[in-house]
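Summary of structural features
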Amino acid sequence: MEILFNFPLWAALFGVFFAQFLKVPIYFIATKQIDWSLMNSTGGMPSSHSAATTALATGVAFETGLDSPVFAVAAMFSIIVMFDSTGVRRQTGEQAIVLNQLVLDFNKFIEEAKSWPQKQEGEKVEELKELLGHKPIEVLVGGLLGIVATIILYFLFKIGS
């Protein structure tokens, strides 16, 4: 049961759950609406991927030191994940927005051109997920959140020991 005492693992888990939780109040501040579904969504502020990977790297740094090869692996993993979040995943989300608009425009054209009757209530068009990646600020805040959360968690664990 050594896994129960793996601080970097707990730090990463805490980072991802804390970031996911924070999406709800941040969304509320921005829109004045509560959306609990954000707790299990991808994308948005803050980046839980960034929070998890930086929390992992910070936890490894506390356990093994900044000069350890394991920290180097964790830090590079974190950098790659954050780069990917602002690159490929972000572009995929942008493409999904365009594709969803094309589908809406095409459906509107068909409806107007042929005067088709409205679809029944049960029929729904499944949209592609648009919120996949992150803006650079979302990645930065997520990364900083992971580091700060791990520092706090580390000192709480240290006090409890």
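Before going into details, it helps to say that this report is about the structure given with it. It should be emphasised that the depicted structure is a prediction, and the values quoted were computed from it without experimental measurement. (Residues numbered from 1 in each chain as written. Predicted model: local features only at pLDDT ≥ 70, side-chain atom pairs only at ≥ 80, totals over all residues. Heavy atoms only, no water.)

This part covers the overall build of the chain. Tallying secondary structure elements over the chain gives five helices and zero strands in all. In the chain, the succession of helices and strands from N to C terminus is α-α-α-α-α. When each of the 161 residues of the chain is scored for burial, the buried share is 32%. Sequence-distant contacts in the chain: of pairs separated by 6 or more residues, those separated by 24 or more amount to 73%. Carbon and sulfur atoms make up 70% of the accessible area of the chain, which totals about 10,900 Å². (Helix = DSSP H or I, 4+ residues; strand = E, 2+ residues; numbered from the N terminus. Buried < 20%, exposed > 50% of the residue type's maximum accessible area, 1.4 Å probe, protein only. Contact = heavy atoms within 4.5 Å. Areas by Shrake-Rupley, 256 points an atom, 1.4 Å probe, with all protein chains shown as cover.)

With that settled, the discussion passes to the packing of aromatic side chains. Scanning all chains against the criterion turns up five aromatic pairs. Where F14 meets F18, the ring centres are 5.6 Å apart and the plane angle is 5°; that geometry is what we call stacked. Note that F14 and F18 are positioned in helix α1 (residues 7-31) at a spacing of four residues, about one turn of the helix. Within the aromatic cluster, the residues linked to one another by ring pairs are F7, F62, Y154 and F155. (Phe/Tyr/Trp six-rings, centres within 6.5 Å; stacked < 30°, edge-to-face > 60°.)

Before going further, it helps to examine the nonpolar core. Listed in full, the six residues of the largest apolar core are A57, V60, A61, F71, A74 and A75. Counting only elements with at least two residues in this core, the list comes to α2 (48-64) and α3 (69-86). Leave out the neighbours within four places in its chain, and A74 touches A57 and V60. (Core = buried A, V, L, I, M, F, W, Y, C linked by side-chain atoms within 4.5 Å.)

Its location among the elements puts S50 in helix α2. Sequence-distant contacts of S50, defined by excluding residues within four places in its chain, comprise M82, V139, G142 and G143.

Its place among the elements puts F83 in helix α3. Spatially, the C-alpha atoms of F83 and H134 are 9.7 Å apart, while their sequence positions differ by 51 residues.

Attention now moves to the packing of α2 against α3. Here α2 crosses α3 at 170°, and the two axes come no closer than 9 Å. Judged by the inter-axis angle, α2 sits roughly antiparallel to α3. Across the interface between the two elements, H49, S50, T53, T54, L56, A57, V60, A61 and T64 from α2 touch V70, F71, A74, A75, F77, S78, V81, M82 and S85 from α3. Classifying every residue of the contact of α2 with α3 by side-chain character gives 11 nonpolar, seven polar and no charged. (Axes fitted to C-alpha atoms, helices over the stretch in contact; angles between N-to-C directions. Parallel < 35°, antiparallel > 145°, perpendicular 65-115°, else oblique. Nonpolar A, V, L, I, M, F, W, Y, C, P; charged D, E, K, R; others polar.)

By secondary structure assignment, the location of T150 is in helix α5 (residues 136-160). In this structure, T150 is in contact with F7, A11, A55, T58, G59 and F62, ignoring residues within four places of it in sequence.

Moving on, we come to the environment of V148. Following the sequence through the fold, V148 ends up in helix α5. Taking the C-alpha atoms as reference, V148 lies 9.3 Å from A51; in sequence the two are 97 residues apart.

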